[in-house]
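Commentary on secondary and tertiary structure
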Amino acid sequence: MPDEVIEVRTTVASRDDADRLARDVVAARLAACSQVTGPVTSRYWWKGTLERAEEWQCHFKTTRTRWPDVARFLREHHPYELPEIVMLPLAGSEAYLDWVRGEVVEESRGRGV
């Protein structure tokens, strides 16, 4: 059975940070592609205060096998103290899902940046 294709999402405070993460995750071959959307308005509780922020969303298409590596990369390079890093399973066109699987380089095949 082929590796499941997933989407990993995170948010950041600036377009520059979003573009940097989107570029670097794909350049490292941890994801086949990335999209940046925004700005979006976020509301959340942080340290006892209801906050409002303008943020940019990053979406990464990758495989479940690479999920731990993508999450680790984002934690290490994310500007937030506690970043949102979530994973969602994807279903869709088999041709597209096969393309994602083919572009994500498994750890044993090495990575480029």
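Please refer to the structure higher up on the page.
Described in the following lines is the structure provided in the data block. (Residues numbered from 1 in each chain as written. Predicted model: local features only at pLDDT ≥ 70, side-chain atom pairs only at ≥ 80, totals over all residues. Heavy atoms only, no water.)

**Remarks on the packing of helix H1 (residues 15-27) against helix H2 (residues 67-77)**
- Put simply, H1 and H2 touch, their axes get as near as 11 Å, and they point 140 degrees apart. By the criterion of interaxial angle, the relationship of H1 to H2 is oblique. Judged by the sense of rotation from one axis to the other, the crossing of H1 with H2 is right-handed. Along its contact with H1, which presents Arg20, Leu21, Asp24 and Val25, the element H2 presents Phe73, Leu74 and His77.
- When grouped by side-chain class, the residues that make up the contact of H1 with H2 number 4 nonpolar, 1 polar and 2 charged. (Axes fitted to C-alpha atoms, helices over the stretch in contact; angles between N-to-C directions. Helix = DSSP H or I, 4+ residues; strand = E, 2+ residues; numbered from the N terminus. Parallel < 35°, antiparallel > 145°, perpendicular 65-115°, else oblique. Left-handed = near helix turned anticlockwise from the far one by under 90°. Contact = heavy atoms within 4.5 Å. Nonpolar A, V, L, I, M, F, W, Y, C, P; charged D, E, K, R; others polar.)

**Section: H2**
- Those residues of H2 not exposed but buried are Asp69, Val70, Ala71, Phe73 and Leu74.
- On its buried face, H2 is in contact with strand S1 (5-12), H1 and strand S3 (49-63). (Buried < 20%, exposed > 50% of the residue type's maximum accessible area, 1.4 Å probe, protein only.)

**Focus: the environment of arginine 15**
- For arginine 15, the location among the structural elements is in helix H1.
- What makes arginine 15 partly exposed here is its relative accessible area of 39%.
- Taking the C-alpha atoms as reference, arginine 15 lies 31 Å from aspartate 3; in sequence the two are 12 residues apart.

**Describing the nonpolar core**
- Formed by 17 residues in total, the largest nonpolar core has its most connected members in Val8, Leu21, Val25, Leu30, Phe60 and Leu74.
- Of all the secondary-structure elements, those providing two or more residues to this core are S1, H1, S3 and H2.
- If one sorts the elements of this core by residue count, H2 sits on top with 4 residues.
- Not counting residues within four places of it along the chain, the set of residues in contact with leucine 21 comprises Thr10, Val12, Cys58, Phe60, Leu74, His77 and His78.
- Of all hydrophobic cores here, the second largest spans 5 residues; its members include Val5, Leu97, Val100 and Val104. (Core = buried A, V, L, I, M, F, W, Y, C linked by side-chain atoms within 4.5 Å.)

**Here's the deal with the sheet that holds S1**
- The sheet built from 4 strands is open, its strands ordered S2-S3-S1-S4 with antiparallel pairing. Edge positions in the sheet fall to strand S2 (33-46) and strand S4 (86-89), since each of these pairs with one other strand and no more. This sheet shows a mean twist of 30 degrees between the axes of neighbouring strands, independent of strand direction.
- Against the sheet, H2 makes contact with S1, S3 and S4, and its axis sits at roughly 10 degrees relative to S1, the strand it touches most. (Pairing = 2+ DSSP bridges.)

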